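# Reading the structure
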Amino acid sequence: QGAQVAFGGLKHDSSLPVEIAADQLKIDQNTGLATFTGNVLIGQGTLRLGAGSVVVEYTTQGGDVQNMRASGGVTFSNGAEAAEAQSAVYAPGSGQMVLSGEVVLTQGNNALAGERLVINLSDGTGTMEGRVRTIFQTGNN
Amino acid sequence: MSAYDNPYSRFVAWSKIVLPLLALGLLSTMFLISRGFDASGVMPFAEVDVKELAREQRISAPNYSGVTSDGSAISVAASTARPDQTDRDTVNATDLRAEVETLSGMVIELSSSSGQINTRQSRAVLDGGVTVMTSSGYRITTDKITTSLSETKLATEGPVEATGPGAKLSAGRMELTQSGEAGYQLIFQNGVQMVYTPQVN
């Protein structure tokens, strides 16, 4: 079963420039992959993605980024919402990000945990799947 | 000369003397009075210090070309090259240009203001500001690059800036090595910052 999550703060423009900082970058011409390793931080607009290593796969002809596979402990944040998972796949073209592996999502002071979180960045919606557990802060009165 | 009674014969007799003299005068102007012909002005001598050239054994516009072990053609050219005083196998060159054409058709052009080519270690060091242009549209600038002449192996010592189609990158160090039989690996190390603007398609 899945829980619909309003990822409100996520109106996100995926055509903004992407900034990537890392310790090392290896571009392999055979496989056409660019591998960033060593506390990688990707920023695009207000979106921040931190990971141990990120593999960027280019489309064969255009040389555009097809998807970015982050692994080694991923922290993702965009404005008020933040999420943590073991790995993530982000496709800038479609604006879809899938976090998987012990996902914990915090929105303000609500927390949501599950196995897999699919976020659609362009319209700001997300669904959390697999063993969803949620903690609501009931008001403090 | 027999005396002639009529003026016409006298005129003819006189002209037989005056006309040849006139012709002789005209002819001599060609050689005697003409302006002096200074032969030295036509061939300007180069004011190069011949002694310095001989002592220094400087080669001008040398070029070296060969094929590396993985089949990419490499050619190195310079404006001047002179053997290094200390190390016999090293040649110091100025205004160095190297071009590597890989099997996969990618052309890498390197140019730098000075460099040393060591043929025994088959290694060329380009320094004094190096610009690398690849046919895939990337332009990489750094201070010093060591490239091997026998295989495709290229490494920079210091920080490197690279700009390409839709991407800008700066890193502490760059290395290009060969991976697999025809592929290449470009490794940027010591901190990488990259700004990539997705082409809006």
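Note: the structure precedes this text.
Residues numbered from 1 in each chain as written. Chains lettered and ligands numbered in written order. Predicted model: local features only at pLDDT ≥ 70, side-chain atom pairs only at ≥ 80, totals over all residues. Heavy atoms only, no water.

### Things to note about the overall build of chain B
- Looking only at helices and strands, chain B features two helices and 13 strands.
- Counting the 201 residues in chain B, one finds 35% classified as buried.
- Within chain B, residue pairs in contact and separated by at least 24 positions form 31% of the contacts whose partners lie at least 6 positions apart.
- Roughly 12,500 Å² of accessible area belongs to chain B as shown, and the carbon and sulfur atoms make up 60% of that amount. (Helix = DSSP H or I, 4+ residues; strand = E, 2+ residues; numbered from the N terminus. Buried < 20%, exposed > 50% of the residue type's maximum accessible area, 1.4 Å probe, protein only. Contact = heavy atoms within 4.5 Å. Areas by Shrake-Rupley, 256 points an atom, 1.4 Å probe, with all protein chains shown as cover.)

### So, the interface of chain B and chain A
- Contact with chain B, which involves 24 residues of that partner, is made by 22 residues of chain A.
- Approximately 1,800 Å² of surface area, both sides summed, lies buried where chain B meets chain A, with 51% of it carried by carbon and sulfur atoms.
- Interface area lost by chain B to chain A is led by B:Val192, B:Met194 and B:Tyr196, which between them contribute 33%.
- One can count zero salt bridges joining chain B with chain A.
- Seen at the junction of chain B and chain A, the total is seven residue pairs in polar contact (both at pLDDT 80 or more).
- Looking at the side of chain B that touches chain A, the elements that each hand over two or more residues are strand E12 (167-179) and strand E13 (183-196) of chain B.
- When residues of the side of chain B that touches chain A are assigned to their parent elements, the largest contribution, 14 residues, is made by E13(B).
- Among the residues forming the side of chain B that touches chain A, the class breakdown is 12 nonpolar, 12 polar and no charged. (Buried area = accessible area lost by both parts, 1.4 Å probe. Salt bridge = Lys/Arg side-chain N within 4 Å of Asp/Glu carboxyl O. Polar contact = N/O pair within 3.5 Å; in protein donor to acceptor, adjacent residues only side chain to side chain. Nonpolar A, V, L, I, M, F, W, Y, C, P; charged D, E, K, R; others polar.)

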